[in-house]
Amino acid sequence: MANTDNPHGFMFVGMDGPGFPWQQKLTKVVGYGTALYPGDVVSRVADGSIEVITTPGTTLISGINSRWGAASTATNHEVLVSSNALFEGQDNNATDGIAAADLGANANCEANAGSATKLTSGHEINETGITTTATLDFHLIELLDTPNNAHGAWARIVVKINAHRYGFATAGV
């Protein structure tokens, strides 16, 4: 079965343990020249506002944005900030993608620009550099159990934010 290349950011699929998803209302300032899309991985900056993560594997992630905000416009955003939330995202590799043997390891986010016409995020799991390093953005949990999804190119994978502003990094296996 061939997976479809359909980057869409990261979508909430459940919680790792008890509790309810926690969202915070955060803002994007007028001086930030990049649009935010639902599913974008965001981080807080010095003034307390949010931006798309700038340095995957280095920047602590605040959460996943849930609404669109135009570039260079002050907008309010609901951001899912639960450190035990699980998300699904697509891997970025058109050749071999994420294999079953990669599950339990860690990977970074590839923060591609979103689609201004479809208003969807372009963020994906960066298949390059999957390793056990605890500082990478995501912990790879499992293949999303859905029809038309298999390990390999553009697989949809359930992840947990590893480098979370409100959590603890988890070393991979």
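Let me sum up the structure you'll find in this document. Position numbers for residues start from 1 in each chain and track the written sequence from start to end. Where totals are concerned, whole chains, interfaces and linings use all residues; where local detail is concerned, this predicted model gives features only for residues with pLDDT of at least 70, and gives and counts side-chain atom pairs only at 80 or more. Only heavy atoms go into the side-chain values, all of them from the structure, while hydrogens and water stay out.

Buried Ala, Val, Leu, Ile, Met, Phe, Trp, Tyr and Cys residues that are joined via side-chain atoms within 4.5 Å together make up what is termed a nonpolar core. Note on classification: 1.4 Å probe, protein chains only; a residue is buried when its accessible area is under 20% of the maximum for its type, exposed when over 50%, partly exposed between these limits. In this structure, F10, V41, F87, I125 and V159 are the most contacted members of the largest nonpolar core, which totals 19 residues. Numbering of helices and strands runs from the N terminus; a helix is a DSSP stretch of H or I covering at least four residues, while a strand is a stretch of E covering at least two. Residue assignment for this core shows that the elements contributing at least two residues are strand 7 (85–90), strand 8 (106–115), strand 10 (138–143) and strand 11 (156–161). Residue contributions to this core peak at three residues, all from strand 11. In what follows, a contact means two residues having at least one pair of non-hydrogen atoms within 4.5 Å. Once residues within four sequence positions are removed from consideration, F87 is found in contact with F10, M11, F12, V13, I64, L80, I157, V158, V159 and I161. In this structure, L26, V42, I50 and V79 belong to the second largest nonpolar core, which totals eight residues.

For the rest of this paragraph, the subject is the pairing of strand 8. Strands are treated as partners if at least two bridges between them are detected by DSSP. Looking at chain direction, strand 8 and strand 9 (residues 120–131) are connected through seven bridges and run antiparallel. When the sheet's bridge partners are listed, N106 is paired in strand 9 with T131. Counting the residues between successive antiparallel strands, the hairpin from strand 8 to strand 9 contains four residues, one of them, L119, with a positive phi of roughly 55 degrees. Of the strand pairs in this sheet, strand 8 and strand 10 are connected by two bridges, and their pairing is antiparallel. By the bridge assignment, N106 is partnered in strand 10 with H139.

The next point concerns the environment of I61. Its place among the elements puts I61 in the loop between strand 4 (50–52) and strand 5 (63–65). The exposure class assigned to I61 is buried, which follows from its relative accessible area of 0%.

With antiparallel pairing, the five strands of this open sheet are ordered in space as 2-6-5-3-4. Both outer strands of the open sheet, strand 2 (23–28) and strand 4, are each paired with one neighbouring strand and no more. Strand-to-strand twist of the sheet, defined as the mean angle between neighbouring strand axes without regard to direction, takes the value 45 degrees. Relative to strand 6 (residues 75–80), strand 5 is paired through two bridges, and the arrangement is antiparallel. The residue of strand 6 that forms the bridge with N65 is V79. In this analysis, axes come from line fits to C-alpha atoms, helices being fitted only over the stretch in contact, and the angle between any two N-to-C directions falls in the range 0 to 180 degrees.

Paired through backbone hydrogen bonds, the strands of a sheet run either parallel or antiparallel to each other. The antiparallel open sheet is built from six strands, whose spatial order is 1-7-11-10-8-9. The open sheet has two edge strands, strand 1 (11–15) and strand 9, and neither has a second partner. Each adjacent strand pair in this sheet contributes to an overall mean axis angle of 45 degrees, direction not counted.

Opposite charge on two side chains allows them to pair when their charged atoms are near. We count a salt bridge whenever a side-chain nitrogen from Lys or Arg sits within 4 Å of a carboxyl oxygen from Asp or Glu. Taken as a whole and assessed by the stated rule, the structure comprises two salt bridges. The closest approach of N and O atoms between D16 and K160, which form a salt bridge, is 2.9 Å. Residue D16 is located in the loop between strand 1 and strand 2, and its partner K160 is located in strand 11; the two are separated by 144 residues in the primary sequence. Judged by its relative accessible area of 22%, K160 falls in the partly exposed class.

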